[in-house]
2 protein chains.
Amino acid sequence: MNRHTVTAFDTDLAALVRDLAGMAGWVERSVERAVDALMTGSADTAEAVIEDDERVDQSDRDIEAGAVLLIAKRQPMGDDLRVIVSTMRVSQDLERVGDLAKNIAKRALIIDGAFHQRKLARGVDNLANLVLSQLKRSLEAFVERDTAKAREVWAHDTEVDALYTSLFRELLTYMMEDPRNISACTHLLFCAKNLERIGDHATNIAERAVYAQTGELIADDRPKRDELGLQDVTARH
Amino acid sequence: MNRHTVTAFDTDLAALVRDLAGMAGWVERSVERAVDALMTGSADTAEAVIEDDERVDQSDRDIEAGAVLLIAKRQPMGDDLRVIVSTMRVSQDLERVGDLAKNIAKRALIIDGAFHQRKLARGVDNLANLVLSQLKRSLEAFVERDTAKAREVWAHDTEVDALYTSLFRELLTYMMEDPRNISACTHLLFCAKNLERIGDHATNIAERAVYAQTGELIADDRPKRDELGLQDVTARH
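Okay, so let's go over this structure.

What counts as what
Numbers given for residues are sequential positions, taken from 1 along each chain in its written order. Working convention: letters from A go to chains and numbers from 1 go to ligands, in the order in which they are written. Whole-chain, interface and lining totals are the exception, using all residues; otherwise, since this is a predicted model, local features are given only for residues with pLDDT of at least 70 and side-chain atom pairs are given and counted only at 80 or more. The side-chain values count all of the structure's non-hydrogen atoms but skip hydrogen atoms and water molecules. Put simply, DSSP marks the helices as runs of H or I at least four residues long and the strands as runs of E at least two long, and each gets a number from the N terminus on. Buried residues are those whose accessible area, probed at 1.4 Å on protein chains only, stays under 20% of the maximum for their type, while exposed residues exceed 50% and partly exposed ones sit between those limits. Any two residues having at least one pair of non-hydrogen atoms within 4.5 Å are treated as being in contact. Surface exposure here means Shrake-Rupley accessible area, sampled with a 1.4 Å probe, where a residue is shielded only by the protein chains that are shown. Expected helix span is taken as 1.5 Å per residue step, with the number of steps being one fewer than the number of residues. By definition here, a salt bridge exists when the distance from a side-chain nitrogen of Lys or Arg to a carboxyl oxygen of Asp or Glu is within 4 Å. Two N or O atoms count as a polar contact when they lie within 3.5 Å, although within protein this holds only if one can serve as hydrogen donor and the other as acceptor, and sequence-adjacent residues are included solely when both atoms are side-chain atoms. Ten residues, namely Ala, Val, Leu, Ile, Met, Phe, Trp, Tyr, Cys and Pro, are considered nonpolar, four, namely Asp, Glu, Lys and Arg, are considered charged, and the remaining ones, Gly among them, are considered polar. For this overlay, a least-squares fit was computed on C-alpha atoms, restricted to residues scoring pLDDT of at least 70 in both copies. Any two rings among Phe, Tyr and Trp, with Trp reduced to its six-membered ring, count as a pair given centres within 6.5 Å; such a pair is stacked if its planes are under 30 degrees apart, edge-to-face if over 60, and tilted if neither. A ring has a charge above it when a Lys NZ or an Arg CZ is no more than 6 Å from the ring centre and no more than 35 degrees off the ring normal.

### Observations concerning the overall build of chain A
Then comes step 1: When helices and strands are tallied, chain A shows seven helices and zero strands.
Then comes step 2: Ordered by position from the N terminus, the helices and strands of chain A form the series α-α-α-α-α-α-α.
Then comes step 3: Per-residue burial over chain A gives 56% buried out of 237 residues.
Then comes step 4: Pairs at least 24 residues apart make up 84% of the contacts formed inside chain A by residues separated by at least 6 positions.
Then comes step 5: As presented, chain A carries roughly 9,700 Å² of accessible surface, and 48% of it is formed by carbon and sulfur atoms.

### Focus: helix α2 (residues 43-74) of chain B
Then comes step 1: The end-to-end C-alpha separation of α2 of chain B is 47 Å, in line with the 46 Å expected for 32 residues at 1.5 Å each.
Then comes step 2: Of the residues flanking the end of α2 of chain B, it is glutamine 75 of chain B, one or two places downstream, whose phi is positive at about 45°.

### A closer look at the interface of chain A and chain B
When the parts of a complex come together, some accessible area is lost, and that lost area is often taken as the interface size.
Then comes step 1: Counting from both sides, the interface comprises 46 residues of chain A and, opposite them, 46 residues of chain B.
Then comes step 2: Counting every contact that joins chain A to chain B gives eight salt bridges.
Then comes step 3: Applying the counting rule to chain A against chain B returns ten residue pairs in polar contact (both at pLDDT 80 or more).
Then comes step 4: Looking at the side of chain A that touches chain B, the element that brings in the most residues is helix α6 (residues 182-214) of chain A, giving twelve residues.
Then comes step 5: Taken together, the residues of the side of chain A that touches chain B break down into 21 nonpolar, eleven polar and 14 charged.

### A short note on the relation of the copies chain A and chain B
What connects the two chain copies is a rotation about an axis and a shift along it.
Then comes step 1: Of the two same-sequence chains, chain A is brought onto chain B (RMSD 0.0 Å, axial shift 0.0 Å) by a rotation of 180°. Both copies are brought into coincidence by an operation consistent with a two-fold rotation axis. Among all residues of chain A, the minimum C-alpha distance to the rotation axis is found for glutamine 75 of chain A, at 3.1 Å.
Then comes step 2: Most of the interface of chain A is mirrored in chain B, where 100% of its interface residues are also at the interface.

### So, the packing of aromatic side chains
Then comes step 1: Counted by the stated rule, this structure contains five aromatic pairs over all chains.
Then comes step 2: Ring centres 6.3 Å apart and planes at 35° place the aromatic pair phenylalanine 168 of chain A and phenylalanine 190 of chain B in the tilted group. Taken together, the residues span two chains, with phenylalanine 168 of chain A in helix α5 (residues 147-177) and phenylalanine 190 of chain B in helix α6 (residues 182-214). Each member of the pair, phenylalanine 168 of chain A as well as phenylalanine 190 of chain B, carries the same accessibility label: buried.
Then comes step 3: A network of ring pairs unites the aromatic residues Tyr164, Phe168 and Phe190 of chain A together with Tyr164, Phe168 and Phe190 of chain B as a single cluster.
Then comes step 4: For arginine 82 of chain A, the ring lying beneath its charged end belongs to tyrosine 211 of chain A, and the centroid distance is 5.7 Å.

What is shown is where atoms sit, not what they do.
Structure follows, in structure tokens:
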């Protein structure tokens, strides 16, 4: 491969990664706004998130098509091919995050208005802030090829799990205190679970950032501490 | 490209698709056994599913590596490249299905034993059977390049949504009747949601089967009817 070809490939790859960064911006905004709709009860905000999901899905399809075209045109090998394939996988993770944000927005439209201002909103908000920070940093790590940052994101997933578990306990307690809370709290449980899963996608993206650069997988020996460690709550009631 | 090269590519692609079919077999078995553990309360079965997930994750990594190697070695264009990329995407869907089965198995270990034999087990079992049939048929459609079967799977997702919605209502009712049901029913709600999401992955795989063969996307105008249409239940309590 001569110098000219390599440069053309680099230019094409940079454009693809730029598209991914643009998609990431949309997805992060959707998560922010979905949580905002949940906190404030704003139907307009929720509906905007639901509408924007089509744009996210289209971005995923465009990035896959762009990646396939780039492979066909430049026929990259080794490291270059691994980076392109990783870009497609990150795009798929982002597409799923968009779906999860849409699901939170739909629940924001349904949940009883009285809940929006309650103290448990604080728990959801804390979890959302942490998860959003993880998502943003994982994308920065991927785009900037910063494996140290990626490893940091990966290590911080335990904090997401801990916050989620505490929120899960809290919501279960409200349901047990008063059956009238059950419908709303069930939706909030799913919102909390969606946020925890967005955190998992951020971890996937961080793993991808390391893999794309080094070809190495971060060993998956991270202790997974979610609400499924909650035997005590289950036993008590 | 001469005739010899085309044949070598076809042989390599067939091997990759065979690996995917093998992975699918493992994943289907995991879903079956996870639901079995939920029905019977068998801790051995649940733990076997949790252990097997590592094998599923490894299959996904192997298929991606095989696909990347195949692209690098044969430098396919057009239709061939689209089939390989689609194989990777289906592998990622199956890897997620494996995670969802593992999550059901974990919940089977936690849920109060008294629930295992109860009437609501029937609802979960019906949903699981339908979802498993969808998953198997979507994989057959992909492997056998049968776009008619793929479109059938795609159309049947509304049945999954309807069964899930009815189960969701039923579980919510049990929680409202008696707060002592809340912990177990919350886990069953998440199990039901996991099954519904496995159904979504089957739909993704069916869409991929059509796309891999034709390059066309099935228009996503399927009416999505899940429990988020349940305003009435929310309003009543």
